[in-house]
Amino acid sequence: MSEPLIIAGTRPELIKMAPIASSLRRLRVSFKFLYTGQHYDHELSRTFISELGLPEPDFDLGIKAGRSATLTGEVVIRTAEAIRELDPALALVQGDTNTALAATIAALKEKVSIGHVESGLRSYDWRMPEEHNRRMIDHVSGYLFAPTDRALLNLFEEKAPGSKHVTGNTVIDATIHNMPRAEFISKIPQKLRFKEYVLATAHRAENVDDPDVLRSFVEVFQDLPLPVVFPAHPRTVNRLRGIGLLQNLASHRNIQLLPPVGYFDFLILMKRSSLILTDSGGVQEEATSPPIRKRVVVMRNSTERPEAVEWGFAKLAGTRKQEIVKCAVEMLEADAKLPSTSPFGDGSSGEVIGRIVAEIVESTRKSSLTLLPPQFPIISASED
């Protein structure tokens, strides 16, 4: 039992775990990598693995997206099998996906300590499956890597028992590191019909599964003062087709509907946009990174990234057309400069987490005797 195990299943997880993997390699800490394949396009995500510099997975479970409970159960079973074979020193999970929750359960039951990357985020919106997942993961993890002081405070207020560390968010590392490559590699600018545009994304179940909310989004895209570029998630496309609005959206002269795009293309779409409309959590973070620095209208009723709002990058608009359009116009007309730094870190988060993981691995090697269960380390962060 001497190596950490990095576990990921979706493209956002791959993006945010890559800086940690790079840090561990620089520190000469060997690790194993398990990929569940939870994302809707397994092959496209495998391309992500290569582009981001992650190693070939030691385990590729190849699990296809499906009903939440079924997917979670399958990931638990098969991740537990891999953990028994590898006997890792630490299982690293990221964020709030079904993969992260299932891998956490598997590690917990196999008595392996858990490190939660991006811990302490809270939306207080119980309609979001992600809110359920992230809370459960935080309360059984031995090591909690909080991206901000606010996230750390949430963990203390809930009395989460793990060792707590403020690390920043590795998505900022990823954006800073990958933007030069994206600018060199991406061909997406040649495919765009518009020079100035609003970039829009929508995929959250509580939004796109609600026909009224989805209709509202379509009306927003049609009524904005700038054209809209909309890379559509397959779930969203299916829902649009189901309510008879897909063709309406695709044929609108001021809307460019795109298939899902790769990470490098999406970085360029964000950087070149005039404004971003999204219901994504990760996009709220990426928009604050120094290479992008774009205003964001959050098409949700809550956010687990309030720092983006407080720093002036984002506005919470809800899901009604009138409020979203109003916020978008205000953001487009805003003349105040955005901060030059991000509330989510300076690009060193992967190094910070990597060093902590290296210390955990070294302490595990030095002693096989543990006085407490391995998921709850003896030494925890001070509350000073």
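**Remarks on the sheet that holds strand E12 (residues 296-298)**
Reading across from one edge, E10-E9-E8-E11-E12-E13 is the order of the six strands in this open sheet, with parallel pairing throughout. The open sheet has two edge strands, strand E10 (255-258) and strand E13 (314-316), and neither has a second partner. Adjacent strand axes in the sheet meet at a mean angle of 20°, parallel and antiparallel pairs treated alike. Where strand E11 (residues 275-278) meets E12, three bridges bridge the pair, whose relative direction is parallel. Within the sheet, the bridge partner assigned to Thr278 lies in E12 and is Val298.

**A closer look at the pairing of strand E4 (residues 90-94)**
Most of E4 is tucked away, with five of its five residues classed as buried. Of the two faces of E4, the one lined by Leu90, Leu92 and Gln94 and the one lined by Ala91 and Val93 are each fully buried. Relative to E4, strand E1 (residues 4-8) is paired through three bridges, and the arrangement is parallel. Bridged to Pro4 within E4 is Leu90. Following the backbone out of E4, through helix H4 (residues 98-109) and into the adjacent parallel strand E5 (residues 114-117), one traces a crossover that is right-handed.

**A short note on the pairing of strand E7 (residues 163-166)**
Sheet topology note: the strand E6 (residues 143-146)/E7 ladder contains four bridges and is parallel. Of the residues in E7, the one forming a bridge with Ala146 is Val166. Crossover handedness for the path E6 to helix H6 (residues 149-157) to E7: right-handed.

**Things to note about the environment of Val329**
When you line up the elements, Val329 lands in helix H15 (residues 321-333). Put simply, Val329 and Val297 are 32 residues apart on the chain and 9.9 Å apart in space, counted from C-alpha to C-alpha.

**Considerations on the confidence of the model for the chain**
Averaged over every residue, the pLDDT of the chain is 91; residues scoring 70 or more account for 92%. Predicted confidence for residues 369-374 stays below pLDDT 50, and this span has five contacts to residues more than four positions away or in other chains. A low-confidence stretch, residues 377-384 (pLDDT under 50), is modelled with 13 contacts involving residues beyond four sequence positions or located in other chains.

**Regarding the nonpolar core**
Counting residues in hydrophobic clusters, the biggest one holds 58 residues, and the most contacted among them are Leu14, Leu92 and Leu269. Setting aside residues up to four positions removed in sequence, Leu269 forms contacts with Ile188, Leu192, Tyr197, Leu199, Val229, Pro231, Leu258 and Val261. Within the second largest apolar cluster, 31 residues are counted, among which are Ala202, Leu240, Ile255 and Cys327.

**A closer look at helix H10 (residues 234-242)**
Taken as a whole, H10 has its buried residues at Thr236, Val237 and Leu240. Projection of H10 onto a plane perpendicular to its axis shows the buried side chains occupying an angular sector of 100°, all on one side. Of the surrounding secondary structure, the elements contacted by the buried residues of H10 are helix H8 (205-208), helix H9 (211-223), strand E9 (228-231) and helix H11 (246-250). In the segment just after H10, Gly244 is the residue with positive phi, at about 75°.

**Focus on H15**
Taking 1.5 Å of rise per residue, 13 residues should cover 18 Å, and H15 covers 18 Å from first to last C-alpha, within 8% of that figure. Elements that come into contact with the buried residues of H15 comprise H9, E11, E12 and E13.

What counts and how
- Residues take numbers from 1 onward in each chain, read along the sequence in its written order.
- Reporting of local features is limited, given that this is a predicted model, to residues whose pLDDT is at least 70; pairs of side-chain atoms are given and counted only at 80 or more, and all residues count toward the totals for whole chains, interfaces and linings.
- Only hydrogens and water are removed before side-chain values are computed, so all heavy atoms of the structure are retained for them.
- Should DSSP find at least two bridges between two strands, the strands are regarded as paired.
- Helix and strand definitions here come from DSSP, where helices need a minimum of 4 consecutive H or I residues and strands a minimum of 2 consecutive E residues; each element is numbered from the N-terminal end.
- Axis definition: a line fitted to C-alpha atoms, limited for helices to the stretch in contact. Angles are taken between N-to-C directions and run from 0 to 180 degrees.
- Classification of residues uses two cut-offs on accessible area relative to the type maximum, computed with a 1.4 Å probe and protein chains only: under 20% is buried, over 50% is exposed, and between them is partly exposed.
- The crossover handedness rule: strands pointing away from the viewer, path from first strand over the helix to second strand clockwise, crossover right-handed.
- Think of pLDDT as the predictor's per-residue confidence, scored from 0 to 100.
- Note on contacts: a residue pair qualifies if any of its non-hydrogen atoms lie within 4.5 Å across the two residues.
- Note on terminology: a nonpolar core comprises buried Ala, Val, Leu, Ile, Met, Phe, Trp, Tyr and Cys residues joined through side-chain atoms within 4.5 Å.
- Relevant arc is that of directions from the helix axis to the C-beta atoms, nothing else.
- By this rule the span expected of a helix is its residue count minus one, scaled by 1.5 Å.

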